[in-house]
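Results of the structural survey
Below are the chains, spelled out letter by letter.
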Amino acid sequence: MEGAPKIFLLHGWMDVSASFQFIVDELKADWHVIAPDWRGFGLTEWHGDSYWFPDYFADLDAILRALVPDGQVSLIGHSMGGNVACHYAGVRPARVARLIALDAFGLAESDPQQSPERFEKWLNELESGVRFRGYPDRLALAARLRADNPRLTEEKAAFLAGHLGEPDGQGGIRLAGDPSHRRVSPMLYRRAEAMASWRRVIAPTLWIEPAEPDLRRRLGVTDEAHEQARACFRDFREVQVSNSGHNLHHDQPGEVARIIETFLLPKES
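First, a word on what this report is: a plain description of the structure on this page. Remember, predicted model here, so these are calculated numbers, not experimental data.

Examined against the element boundaries, D37 turns out to sit in the loop between β2 (32-34) and α2 (53-67). Assessed through its relative accessible area of 17%, D37 is described here as buried. The spatial distance from the C-alpha of D37 to the C-alpha of S17 is 5.4 Å, given a sequence separation of 20 residues. Each residue touching D37, except ones within four places of it in the same chain, is listed here: H11, V16, S17, G42, L43 and T44. At 2.8 Å, the side chain of D37 forms a polar contact with the backbone nitrogen of S17. Of the polar contacts made by the side chain of D37, one reaches the backbone nitrogen of L43; its length is 2.9 Å.

This is how it looks when you write it as structure tokens:
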């Protein structure tokens, strides 16, 4: 709602801003919700051969300058969007008033010995190209979404398929994103650099996580590393959500919306 407090919703990798709709529908207070599609995702133009993680910081910075030239903002990000938000809040700590990350935990620390093979894979993918799987129609995409996440209802899966898919020009449906996003990054993830940014965050920070952190553990982020990440933030709290996977905004939108508003709204005296 125009004139209401602004909140920025930042989606994850191979997602689109529209998938936050389930949470938005559950919000009780009046908010001016701003949910951009990252470059090369959803309705944005494709950027080309390469997408670099720092580009998202620059895009977010430009969006904030355009929409909130002065003052502080509240950032809410899921997965990749949450990692962008947490890192940005350390790069520009005075800009962020409140920070919420949905299952955004960084990546596992990399080994420098991985670098040559990573560069080789990147060069091979530049030569051969990458693409996403196609689907005959949106019903097939919705079925795939439900197979990947059995918690999705048919109604939710159909809604998501309507935004996550786009015509492929050959009568079928492809994911609404530049296939270049599938290309491996030649640059290794350095968790120590992320932690250096997290230590600079001054905004009250909330991590919302599934009670069973399957994705984090599958990606190799150990419980010890996760505890070290929590300790980086000066004003930190965490809430776990049961009966949910990585996509908490799909699985438990009502509960996530309640947690968000409890954190953002001033407490009654």
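Before going further, it helps to examine helix α3 (residues 80-91). Helix length check: α3 (12 residues) gives 16 Å between terminal C-alpha atoms against 16 Å at 1.5 Å per residue, within 8%. The buried fraction of α3 amounts to 11 of the 12 residues, a majority that puts the element mostly inside the structure. Looking at α3, one finds that the buried residues are M80, G81, G82, N83, V84, A85, C86, H87, Y88, A89 and G90. Close packing links the buried residues of α3 with β1 (6-10), α2, β3 (73-78), β4 (96-102), α7 (191-198) and β7 (205-210).

Moving on: the packing of helix α5 (residues 138-148) against helix α6 (residues 154-164). In contact at an axis separation of 8 Å, α5 and α6 are set at 120° when each is read in the N-to-C sense. Relative to α6, the element α5 is oriented oblique. α6 is crossed by α5, and the crossing has right-handed handedness. Side by side, α5 and α6 meet where R138, L141, A142, L145 and R146 of the first sit next to E154, A157, A158, L160, A161, G162 and L164 of the second. Of the residues in the contact of α5 with α6, the class split is eight nonpolar, one polar and three charged.

Next up on the list: the sheet that holds β2. One open sheet holds the six strands; their spatial order is β2-β1-β3-β4-β7-β8, and the pairing between them is parallel. This sheet does not close on itself; its edge strands, each paired only once, are β2 and β8 (236-241). Direction aside, the axes of adjacent strands within the sheet are offset by 20° on average. Pairing of β3 with β4 involves six bridges; the strand directions are parallel.

Here the focus is the pattern of salt bridges. In this structure the tally under the stated criterion is 15 salt bridges. Between E227 and R230 there is a salt bridge, and its shortest N-O distance comes to 2.9 Å. One end of the pair, E227, and the other, R230, are both in helix α9 (residues 223-232), three residues apart, so they sit about a helical turn from each other. Looking at R230, the relative accessible area reads 19%, which means it is buried. Look at the salt bridges and you will find they share partners, linking R39, D55 and D59 into a network.

Once that is clear, we can look at the packing of aromatic side chains. Throughout the structure, instances matching the rule amount to 11 aromatic pairs. An aromatic cluster is defined as three or more aromatic residues linked by ring pairs; in this entry it consists of W38, F53, Y56 and F57. When the ring centre of F263 is taken as reference, the NZ or CZ atom of R98 above it lies at 4.8 Å. The side chain of K156 reaches across the aromatic face of F22, ending 5.3 Å from its centre.

Moving on, we get to the environment of W198. Of note, W198 is situated in helix α7. You can call W198 buried: its relative accessible area is 2%. In this structure the C-alpha to C-alpha distance between W198 and E45, which are 153 residues apart in sequence, comes to 31 Å.

Cut-offs applied
- Residues numbered from 1 in each chain as written.
- Predicted model: local features only at pLDDT ≥ 70, side-chain atom pairs only at ≥ 80, totals over all residues.
- Heavy atoms only, no water.
- Helix = DSSP H or I, 4+ residues; strand = E, 2+ residues; numbered from the N terminus.
- Buried < 20%, exposed > 50% of the residue type's maximum accessible area, 1.4 Å probe, protein only.
- Contact = heavy atoms within 4.5 Å.
- Polar contact = N/O pair within 3.5 Å; in protein donor to acceptor, adjacent residues only side chain to side chain.
- Expected span 1.5 Å × (residues − 1).
- Axes fitted to C-alpha atoms, helices over the stretch in contact; angles between N-to-C directions.
- Parallel < 35°, antiparallel > 145°, perpendicular 65-115°, else oblique.
- Left-handed = near helix turned anticlockwise from the far one by under 90°.
- Nonpolar A, V, L, I, M, F, W, Y, C, P; charged D, E, K, R; others polar.
- Pairing = 2+ DSSP bridges.
- Salt bridge = Lys/Arg side-chain N within 4 Å of Asp/Glu carboxyl O.
- Phe/Tyr/Trp six-rings, centres within 6.5 Å; stacked < 30°, edge-to-face > 60°.
- Lys NZ or Arg CZ within 6 Å of the ring centre and 35° of its normal.

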